[in-house]
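If you want the building blocks of each chain, they are given just below.
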Amino acid sequence: MRELTYVARRTVEWREAPDPKLQSAGQAIVAPLAATSCDVDSSILAGHGFIDPPFALGHECVARVVETGDAVTAVAPGDLVVVPWSINCGTCERCRAGLTAHCTAVPYMAMYGAPIGGNWGGLFSDLVRVPYADAMLVPLPAGLDPVAMASASDNWSLAWRLIAPHLKARPGARVLVVARGSIGLYVCDIARALGASEVLYVDPDPEHRTLARTFGAATADALDPIPQGYDIAVEATGRVDQLALTVKSLSPEGICESAGNHFRPGELPLLDMYLTGVTLRVARDNVRAHIPDALELAASGRVAPEKVVSHVFDWEDLPTALPEKHLKPVFVRVED
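Residues numbered from 1 in each chain as written. Predicted model: local features only at pLDDT ≥ 70, side-chain atom pairs only at ≥ 80, totals over all residues. Heavy atoms only, no water.

**Comments concerning the pattern of salt bridges**
Evaluated as defined, the whole model comprises eleven salt bridges. As a salt-bridge pair, Arg333 and Asp126 come within 3.1 Å of each other at their nearest N and O atoms. Taken as a pair, Arg333 in the segment after strand E16 (329–332) and Asp126 in the loop between helix H2 (93–96) and strand E7 (128–130) lie far apart in primary sequence, 207 residues in all. Owing to a relative accessible area of 13%, Asp126 belongs among the buried residues under this scheme. A salt bridge links Asp285 to Arg161; the nearest nitrogen and oxygen atoms lie 3.0 Å apart. Residue Asp285 is found in the loop between strand E14 (279–282) and helix H9 (291–299), and its partner Arg161 is found in helix H4 (residues 155–169); the two are separated by 124 residues along the sequence. Note on accessibility: Asp285 and Arg161 belong to one class, buried. Residues joined in a network through salt bridges with shared partners are Arg2, Asp126, Glu316 and Arg333. (Salt bridge = Lys/Arg side-chain N within 4 Å of Asp/Glu carboxyl O. Helix = DSSP H or I, 4+ residues; strand = E, 2+ residues; numbered from the N terminus. Buried < 20%, exposed > 50% of the residue type's maximum accessible area, 1.4 Å probe, protein only.)

**Observations regarding the packing of H4 against helix H5 (residues 182–193)**
Interaxial distance between H4 and H5 falls to 8 Å at its minimum, and their mutual angle equals 45 degrees. Considering their axes alone, H4 and H5 lie oblique with respect to each other. Where H4 crosses over H5, the handedness of that crossing is right-handed. Contacts between H4 and H5 pair Asn155, Trp156, Leu158, Ala159, Trp160, Leu162, Ile163 and Leu167 from the former with Ser182, Ile183, Tyr186, Val187, Asp189, Ile190 and Ala191 from the latter. Looking at the contact of H4 with H5 residue by residue, the classes come out as twelve nonpolar, two polar and one charged. (Axes fitted to C-alpha atoms, helices over the stretch in contact; angles between N-to-C directions. Parallel < 35°, antiparallel > 145°, perpendicular 65-115°, else oblique. Left-handed = near helix turned anticlockwise from the far one by under 90°. Contact = heavy atoms within 4.5 Å. Nonpolar A, V, L, I, M, F, W, Y, C, P; charged D, E, K, R; others polar.)

**A look at the pairing of E14**
Across four bridges, the pairing between strand E13 (residues 250–258) and E14 is parallel. Bridging across to E14, Ile255 finds its partner in Thr279. Crossover connection from E13 via helix H8 (residues 270–276) to parallel E14: handedness right-handed. (Pairing = 2+ DSSP bridges. Right-handed = clockwise from strand over helix to strand, strands pointing away.)

**Describing the pairing of E16**
Relative to E16, strand E3 (residues 28–36) is paired through three bridges, and the arrangement is antiparallel. Across the sheet, Thr36 pairs through a bridge with Val330, a residue of E16. By the bridge criterion, four bridges tie strand E15 (residues 311–314) to E16 in an arrangement that is parallel. The residue bridging Asp314 from the neighbouring strand is Val332, located in E16.

**As for the side chain of Lys328**
Topologically, Lys328 is positioned in the loop between helix H10 (318–321) and E16. Looking at Lys328, its side chain comes within polar contact range of the side chain of Asn155, at 3.0 Å. Sequence-distant contacts of Lys328, defined by excluding residues within four places in its chain, comprise Thr36, Ser37, Cys38, Glu60, Ser151, Asn155, Ser182, Tyr186, Val308, Val309, Ser310 and His311. (Polar contact = N/O pair within 3.5 Å; in protein donor to acceptor, adjacent residues only side chain to side chain.)

**A word on the sheet that holds E13**
Either a parallel or an antiparallel arrangement is found when strands of a sheet pair, and the pairing is made through backbone hydrogen bonds. Sheet architecture is open: six strands sit in the order E11-E10-E9-E12-E13-E14, paired in parallel fashion. Unpaired on one side and paired on the other, strand E11 (218–220) and E14 mark the two borders of the sheet. Mean inter-strand twist for the sheet, computed between neighbouring axes without regard to direction, equals 15 degrees. Sheet strands in contact with H5 are strand E9 (174–179), strand E10 (198–202) and strand E12 (230–236), and its direction is about 170 degrees off that of E10.

**A word on the nonpolar core**
By size, the foremost hydrophobic cluster in this structure holds 93 residues, and its most contacted members are Val83, Leu137 and Met149. The residues touching Val83, leaving out its near neighbours within four places in the chain, are Val30, His59, Cys61, Ala63, Tyr112, Leu123, Val130, Leu137 and Ser153. Counting 13 residues, the second-largest nonpolar core is a separate cluster that includes Val202, Leu223, Tyr230 and Val278. (Core = buried A, V, L, I, M, F, W, Y, C linked by side-chain atoms within 4.5 Å.)

**A word on empty space enclosed by the protein**
What the rule picks out here adds up to one cavity of 30 Å³ or more. In this structure, the largest cavity occupies an estimated 30 Å³ of space. Forming the boundary of the largest cavity are Ser86, Ile87, Thr100, Ala101, His102, Cys103, Val106, Pro107, Tyr108, Met109 and Ala110. (1 Å grid on protein atoms, 1.4 Å probe; cavity = no way out; pocket = protein on both sides within 12 Å on 5 of 7 lines; lining within 4 Å. Points joined across faces, edges and corners; volume = space filled by probe spheres on them.)

In structure tokens:
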């Protein structure tokens with residue numbers, strides 16, 4: 001089989017690898033059918049990652065189940081499934097607590113798409129082994145488009161977690177989104193659907209702002225701090241200076257979720273945060289725990305994740321099209 005491999009800045013190529021094989025009765029082999037790049041993949045392709053190439057890329061996809069071990073009961077060959085980005089067993093203490101990105105059954109930070117916590121391959125591959133099929137794989141609900149939901153492995157479900165629980169606790173909250181890619185746009189869509197009274201989307205890209213306005217958000221190309229302006233804020237830029245401006249705009253006891261991949265250091269306005277009483281969470285997502293709720297919202301018809309898909313490419317175009325700058329390209333493999 002082939003793995004799409006990151007080899008240098010803005011350069012990926014197909015490389016041959018052995019076909020994955022089942023290694024236990026609880027495993028599955030899947031074939032990605034609709035795969036997309038995460039916002040962090042864009043940073044890696046731009047040369048801002050912290051892991052040296054080469055390595056297999058990709059950690060967001062909807063896949064077809066090809067083969068399952070005898071102990072697998074949740075899915076069967078032929079099923080369409082969402083493949084979460086992190087490897088998790090589903091049975092350890094952390095997994096049972098919903099902390100699936102911190103599973104103790106595998107090396108720390110084990111994931112698809114980067115050789116962290118072992119080499120698990122990438123979801124831009126012809127075939128992928130899933131070590132804990134019942135724990136990891138989530139059937140795609142009938143009626144949902146795999147292209148629209150290619151990001152349910154990470155960014156779509158992450159966006160749900162960044163905003164939905166907070167709006168449930170604070171109905172009608174004012175929401176600030178400071179972003180550069182798909183995560184922030186998904187947040188705008190979800191925030192509108194779940195009853196935010198106001199959404200401001202900040203992004204220098206005019207096309208992104210135009211899309212955010214279709215989700216009912218006001219927009220700006222830059223952020224001047226708005227003291228006590230917002231109850232909930234989401235930062236997804238990977239820039240500490242933007243995170244600092246974001247937290248300065250929170251109301252007393254406001255909440256800020258940072259989904260940016262902060263590869264570079266910076267300073268935060270800690271005194272301002274202390275005086276305001278800010279809650280700041282900077283974290284990778286325990287995505288497996290949130291995929292079902294995120295898919296349920298997508299299936300409700302109240303949101304439009306398909307609008308964030310910027311391009312649809314053939315699977316064979318991955319080496320040439322992935323390094324190009326696109327908001328949310330989805331690569332589709334035609335089944336035989």
